[in-house]
Each structure stands twice: as C-alpha cells, then as structure tokens.
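For reference, the chains in residue letters:
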Amino acid sequence: MAERMKIEIYGQTYFMQGDLDQAYVEDLARYVDEKMTAVAEATHTVDTVRVAVLAALAICDELHALRRSQQDMRGALRDRTERCLNLVERALKQTA
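Residues numbered from 1 in each chain as written. Predicted model: local features only at pLDDT ≥ 70, side-chain atom pairs only at ≥ 80, totals over all residues. Heavy atoms only, no water.

**Student:** I would appreciate a short explanation of the environment of Glu 89 in the present structure.
**Tutor:** Mapped onto the fold, Glu 89 is located in helix 2 (residues 48-95). Here the alpha-carbon distance between Glu 89 and Asp 61, two residues 28 residues apart in the chain, equals 42 Å. (Helix = DSSP H or I, 4+ residues; strand = E, 2+ residues; numbered from the N terminus.)

Written out as structure tokens, the structure reads:
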C-alpha cells in the first residue's frame with residue numbers, strides 16, 4: 001500500500017501518496033525548495049508561481065545538460081570500443 005508523506009516546498013506543505021521511498025521524495029522536495037529559494041533570491045521575485053516556473057526551467061536545463069553529457073560519453077565510449085575491436089581484429093589477422 002502506498003505510504004502518505006508530508007513534504008514542504010517553498011513554505012508550502014504538501015501531502016503525497018505513492019510507492020516511492022519517503023527519504024527519496026524528501027530529497028527531491030529539498031532540491032526543489034533549494035532551487036526555488038535560489039531563484040527567488042537571484043530574481044527578487046515574490047510571485048510563487050513565477051518562482052516555481054523559473055526553478056522548473058533551471059532544473060530542466062540541468063537535466064538536458066546531463067543528458068547531452070551522457071550522450072557525448074556514450075559516443076566516445078562507442079568510438080573507443082570500435083577502435084579496440086579493430087586493433088584486436090588486426091592482431092588476430094596477423095597471428096593467423
């Protein structure tokens with residue numbers, strides 16, 4: 001059964017229910033709260049909806065940057081793997 005959780009984000013209390021680990025959800029809430037606080041301080045914005053949207057954009061930017069980085073690493077790994085495979089194939093041909 002899904003557990004009911006209480007979290008706080010940017011001064012608002014929310015009750016959630018789901019199958020996620022409570023500590024994990026609390027970490028997520030803390031992260032969102034920190035982002036919203038940072039956005040509010042940087043922009044001097046008091047409109048909660050605006051702060052939430054700007055924080056969401058900042059979090060999405062982080063996500064997309066991580067995805068791009070991961071794709072770049074996969075590409076580099078694929079290239080290295082192909083080079084290693086070519087070296088092994090050449091070595092096997094020379095010993096055959």
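Moving on from the coordinates now.
**Student:** Just checking my understanding: could you explain the pattern of salt bridges for this structure?
**Tutor:** If charged atoms from side chains of opposite charge come close, those side chains can pair. Counted under the stated rule, the structure contains two salt bridges. Measuring nitrogen to oxygen at the nearest pair gives 2.6 Å for the salt bridge that ties Arg 30 to Asp 27. Of this pair, Arg 30 and Asp 27 are both found in helix 1 (residues 22-43), three residues apart, which corresponds to roughly one turn of the helix. The partner of Lys 35 in a salt bridge is Glu 62, with the nearest N and O atoms 2.4 Å apart. Taken as a pair, Lys 35 in helix 1 and Glu 62 in helix 2 lie far apart in primary sequence, 27 residues in all. (Salt bridge = Lys/Arg side-chain N within 4 Å of Asp/Glu carboxyl O.)

**Student:** I keep staring at the confidence of the model for the chain and nothing clicks. Help me out?
**Tutor:** Any segment with low pLDDT has predicted coordinates that should not be analysed in fine detail. Averaged over every residue, the pLDDT of the chain is 95; residues scoring 70 or more account for 99%. Confidence scores differ between elements of the chain, with strand 1 (residues 3-9) showing the lowest mean pLDDT of 94 and helix 1 the highest of 97. (pLDDT = per-residue confidence, 0-100.)

**Student:** I would appreciate a short explanation of the nonpolar core in the present structure.
**Tutor:** Generally speaking, a soluble globular protein has its nonpolar side chains buried in company with each other. Counting 10 residues, the largest nonpolar core is built from Met 5, Ile 7, Ile 9, Val 25, Ala 29, Met 36, Val 39, Ala 40, Val 51 and Ala 55. For this core, the secondary-structure elements that each account for two or more residues are strand 1, helix 1 and helix 2. Take this core: its biggest share by element is five residues, from helix 1. Those residues in contact with Val 39 that sit more than four places away from it in its chain are His 44, Val 51, Leu 54 and Ala 55. (Core = buried A, V, L, I, M, F, W, Y, C linked by side-chain atoms within 4.5 Å. Buried < 20%, exposed > 50% of the residue type's maximum accessible area, 1.4 Å probe, protein only. Contact = heavy atoms within 4.5 Å.)

**Student:** How do you make sense of the pairing of strand 2 (residues 12-18) when you look at a structure like this?
**Tutor:** Moving residue by residue along a regular strand, the side chains alternate between the two faces of the sheet. The pairing of strand 1 with strand 2 spans seven bridges and is antiparallel. The partner of Ile 7 across the bridge, within strand 2, is Tyr 14. Linking strand 1 to strand 2, which pair antiparallel, is a turn of two residues; within it Tyr 10 sits at a positive phi near 50 degrees. (Pairing = 2+ DSSP bridges.)

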